[in-house]
Amino acid sequence: MTTTDLGSLSAEAGTRRSHRARRRTTDRAPGWVIAALVLICLLAAYLYGWGLSGTSLHPYYTAAVRSMASSWHAFWYGGLDSSASITVDKLPGSLWLQALSVRIFGLNVWAVALPQAVEGVATVLVLYRIVSKWAGQVTGLLAALMLAVTPIATALDRRNIADSLLTLLLVLAAGSLMNAVRTGGLRPLVACGVWIGLAFQAKMLQAWVVLPVFALVVLYAAPGDLRRRVRNTVVAGLVALLASCSWMLWVLVMPAADRPYLDGTTGNNPFALAFGYNGLSRFGSGGVGNSAGFGSVAGTAASRPVGGSGWTVLVSHTAAPQISWFLPIALLGLGIGLAWRRAESRTDPVRAGYLLWGGWLLINTLAFGASSGIHDYYLIVLAPAIAALAAAGLTTAWAAYREGGDRSRALLAALLVGVLWAAVVSSKYKSFNLWLVPVVGLLALVAAAGLARGGTAARPRIDAVTAASAATGLLAVVLAPLVWCFATLDPLYAGSATSPLAGPVGVGYTQLLHHRGGSVVGFGPAAGRYGKLLTYLQQNRGATHYLVATQSAEPAEPLLRATSDPILVTGGFTGNTPFPSAQDLASLVQQGQLRFVITTSIRPKTAASRWVTAHCTLVSPMAYGEAANGTTSLYDCRSQH
C-alpha cells in the first residue's frame, strides 16, 4: 500500500471521527433539559418506589418467587414450589428479576417490588430518548412526564406483575425500530426482534400484538428499495420468533422427568401453555374450547380476567382514570401530525413516528376489545403511545401557535379537549378530591386568557406572559392524573394485590382484602388458621418429602410464602391441570413421600381429590387449633403408606 493510500485512509478516518464528534455535540442536551429530565425521573422514582415495604404483592407470583429464589432448578423453569414439581401458569421471564432480587436482598416485600419500580423509571427514560430523537427534546420531556404521571403506571410499577417489564421491553423495541426507519439498517431491526423476544418471555402473545404495526412501518417508511426492506423485515421477524420460542424449545427437548410439569396444559407442552392457555383462551368462549383442543387447560370463569372489552374499553368508568387522561390530546396530536405531514416523502421519519405510535395505540385497543375480558392494568401497555402522541400534539400545536395562521388554533383546541376530558373523568368520582375539577378549570381559564392575549392568529405575540400561560395550560392537563398517582401511595387507593388500580376505583378491592384479614401480602409466618395449620404439618409430616399437597394453588399460596418446604400443588393454578394423576398421587403416598393433602370446596372435584376423600382420613380442625374447616379440609393419608 502506498503512502498516498495510507494518507487517504487516515483522512477518511479523521473525517468519520469529526462527523461522530459533531453528531455527539448536536445530540447533547442543554443543561435545563437534563435538569428537567432528572426531576421527572425523581418524580417517577418517588411514585413507584416510596414505601415499597408496605405494598401488597400478588400472592401467587410471590409464592413462586420465593420458591425460585431458593432453587436454581425452580428458578429456570418457574417452579411454583422449591422442588419444582409444577410450574407457574405463565412463562417465567417476568419472575426471574424478582427472584434474583430476593436472592440478593433477602425475603423482603420491597425486594420483590423493586425490579418493577426500576423498570418503570427505565421506561420513562427510554421513552424520553426515543421521542427526543423523533420529535425533539421538549417533546421527549413532555412524553416522559405524561408517562410518569399515568395512574396505572404508578399502581402497577409498585407491584410484582409482568406488565411493567413487558412495557419497558416493547418501548425498547420501538426505539430500535425507529433507528431502523432512520438508517435503513438491518442491525437495529435485529435488535428490535431480540427485544420482542424478551418481551414474549415476560407476557407471551401480548408482546406480538405490535408486530404487524412494526412490520408495516418498516416496509413503508424505511429507506432503500422494496426488496431490501422486505428482506430486513423477514430477518427481524425470524429473530423475534426464535428469541420468543427459545425457552419453550429448551423445555420441549428436555425429558419430562427432568423438569416440572407445565401448568395450564393437558400434555405438558410449553407451546400449549403460551398459545393455548394464555393465548386462544383469552378470546371469547370459543377460544376457550379451542385452547383445550390445543392441549391446554380451559380454566374456570374465576381464573379469567373479568374487565371490560369492546371499543369502549378505554373510556369505561374503571379504565378511563387509569390510562385515558391524555387520550383526547393524543388523538388530536395523531390527526394533526399525519395531516400536516401528508406532503412529505415516504421516508419522512417524523410521519413514521406518528404511524408507529398511532398503530401501537390502535392495534392494542383492537386486541383488548376482541378479548373475552381483561384486567384494567393490562392497559399500561398503551401508556407510552398515548404519552408520545399527546406530547407531540402539544409541541406541534405550540409551534403552530408561534408561527400564527389558521393552525395556531390547535393549541387552544388541545388544551380544551384535555381539560374537558379531565373534568368528565373526575366527575364520575364526585367524593374524591372535590377541589380537583374547579382548580383544573380555573387553570385552564387562566391559560386560555393568556394565550388569547398573545395577539391575533395572523400576528402572535410571544412573551413571558404567553409562555407562562402555556405552562399553566400544561399544569391543567397533568394535574388530575398526578393527583390520582399520589393517591396510590395510600393503600386505600391502590387496588388489590391481584388487581392494582389507582384512586377510588380500587377501594372496593382493598376493603374486600381487609375483610379477608389484611391488605399486605408478603413473606413471613402464615397468619391465622394457615399459621396454625403450618405448625401442625411441620410437626407431624415425619420424613415425607412433601410438606403437604393442595388442591389448586389458592390454599398453597400462604404456605409457600411462609416456608421453602416442598409443597405439591395438584391441579395447578386453576385446579384443572391433570397433574398429578390419581395413580401418581397414590404412589407418592404409598412411597412415604406424602402424608397430608388439603382439598378445597371452591374448586371442582378431580380424580386426585376424589381418591383422597375416598382413601384418606379427614383431620379434625381442632387438631391444629381451629373450630371449623371453612372452605378447606385437611386429610391424613398415613394409613395408605
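Check the entry above for the structure.
One structure accompanies this document, and this report is about it. (Residues numbered from 1 in each chain as written. Predicted model: local features only at pLDDT ≥ 70, side-chain atom pairs only at ≥ 80, totals over all residues. Heavy atoms only, no water.)

## Some thoughts on the state of the cysteines
Any covalent bond linking the sulfur atoms of two cysteines counts as a disulfide. Which entries qualify depends on this criterion: Defined by distance alone, a disulfide is two cysteine sulfur atoms within 2.5 Å. The way it works is that DSSP assigns letters per residue, a run of H or I at least four long becomes a helix, a run of E at least two long becomes a strand, and they are numbered from the N terminus. Relative accessible area decides the class of each residue, using a 1.4 Å probe on protein chains only: under 20% of the type maximum gives buried, over 50% gives exposed, and in between gives partly exposed.
Evaluation of the coordinates by the stated rule reveals one disulfide. For Cys616, the disulfide goes to Cys637, at an S-S distance of 2.0 Å. Judged by the torsion about the S-S bond (100°), the Cys616/Cys637 disulfide is right-handed. Placement of the pair is Cys616 in the loop between α26 (607-615) and β4 (617-618) and Cys637 in the segment after β5 (632-636), with a sequence separation of 21 residues. The exposure classification of Cys616 matches that of Cys637, with both residues buried.

## Let's talk about helix α12 (residues 226-253)
To be explicit about the condition: Take the number of residues in a helix, subtract one, and multiply by 1.5 Å to get its expected span. The quantity called bend is, for any residue, the angle between two axes fitted respectively to the seven residues ending at it and the seven beginning at it. Throughout, a contact is declared for two residues whenever any of their heavy atoms are within 4.5 Å.
Across its 28 residues, α12 extends 38 Å between first and last C-alpha, which sits within 8% of the 40 Å expected from 1.5 Å per residue. Of all bends in α12, the biggest is about 50°, found at Ser246. Buried within α12 we find Arg229, Asn232, Thr233, Ala236, Ala240, Ser244, Cys245, Trp247, Met248 and Val251. Against the buried residues of α12 lie α4 (72-77), α5 (93-105), α10 (187-203), α11 (211-221) and α13 (270-277).

## Points about the packing of helix α19 (residues 409-427) against helix α20 (residues 436-453)
What counts here: Axis definition: a line fitted to C-alpha atoms, limited for helices to the stretch in contact. Angles are taken between N-to-C directions and run from 0 to 180 degrees. Oblique is the label for any angle not under 35 degrees, not over 145, and not in the 65 to 115 range, which are roughly parallel, roughly antiparallel and roughly perpendicular in turn.
Packing of α19 against α20 leaves a shortest axis separation of 10 Å and a crossing angle of 170°. In this view, α19 runs roughly antiparallel relative to α20, as classed from their interaxial angle. In this structure, α19 contributes Leu411, Leu412, Leu415, Val419, Ala423 and Ser426 to the contact, and α20 contributes Leu436, Val437, Val440, Ala444, Ala447, Ala448 and Leu451.

## Description of the pairing of strand β1 (residues 548-551)
Quick note on the threshold: If DSSP finds at least two bridges between two strands, the strands pair. The path from the first strand over the helix to the second decides the hand: if it runs clockwise while the strands point away from the viewer, the crossover is right-handed.
Side chains of β1 alternate between two faces, with Val548 and Thr550 and Ala549 and Gln551 buried alike. Pairing analysis gives four bridges linking β1 to strand β2 (residues 567-570), with the strands arranged parallel. When the sheet's bridge partners are listed, Thr550 is paired in β2 with Val569. As for the winding sense of the linkage, the β-α-β connection from β1 through helix α24 (residues 557-562) to β2 is right-handed.

## Some remarks on the packing of aromatic side chains
Two aromatic rings are characterised by how far apart their centres lie and by the angle between their planes. Inclusion rule: In summary, the pairing rule links any two rings of Phe, Tyr or Trp, Trp by its six-membered ring, whose centres are within 6.5 Å, and it sorts them by plane angle into stacked for under 30 degrees, edge-to-face for over 60 and tilted for everything else.
Enumeration over the complete set of coordinates arrives at 25 aromatic pairs. For the pair Tyr261 and Phe579, a centre-to-centre distance of 5.0 Å together with 10° between the ring planes defines the contact as stacked. Note that Tyr261 is positioned in the loop between α12 and α13 and Phe579 in the loop between β2 and α25 (582-590), a separation of 318 residues in sequence. Considering the side-chain rings of Phe432 and Tyr493, the 5.3 Å spacing of their centres and the 55° angle between planes classify their relative orientation as tilted.

## Here's the deal with the environment of Ser431
Counting through the fold element by element, Ser431 comes out in the loop between α19 and α20. Here the alpha-carbon distance between Ser431 and Pro504, two residues 73 residues apart in the chain, equals 9.1 Å.

## Observations regarding the nonpolar core
What counts, and what does not: By nonpolar core is meant a set of buried Ala, Val, Leu, Ile, Met, Phe, Trp, Tyr and Cys residues that side-chain atoms within 4.5 Å join together.
Among the nonpolar cores identified, the biggest contains 199 residues, and Phe214, Trp357, Trp360 and Leu634 are the most heavily contacted of them. It is helix α6 (residues 109-135) that provides the largest number of residues to this core, a total of 13 residues. Ignoring anything within four residues of it in the chain, the contact list for Leu634 reads Leu533, Tyr536, Leu537, Val548, Phe596, Val597, Ile598, Thr617, Leu618, Val619 and Tyr624.

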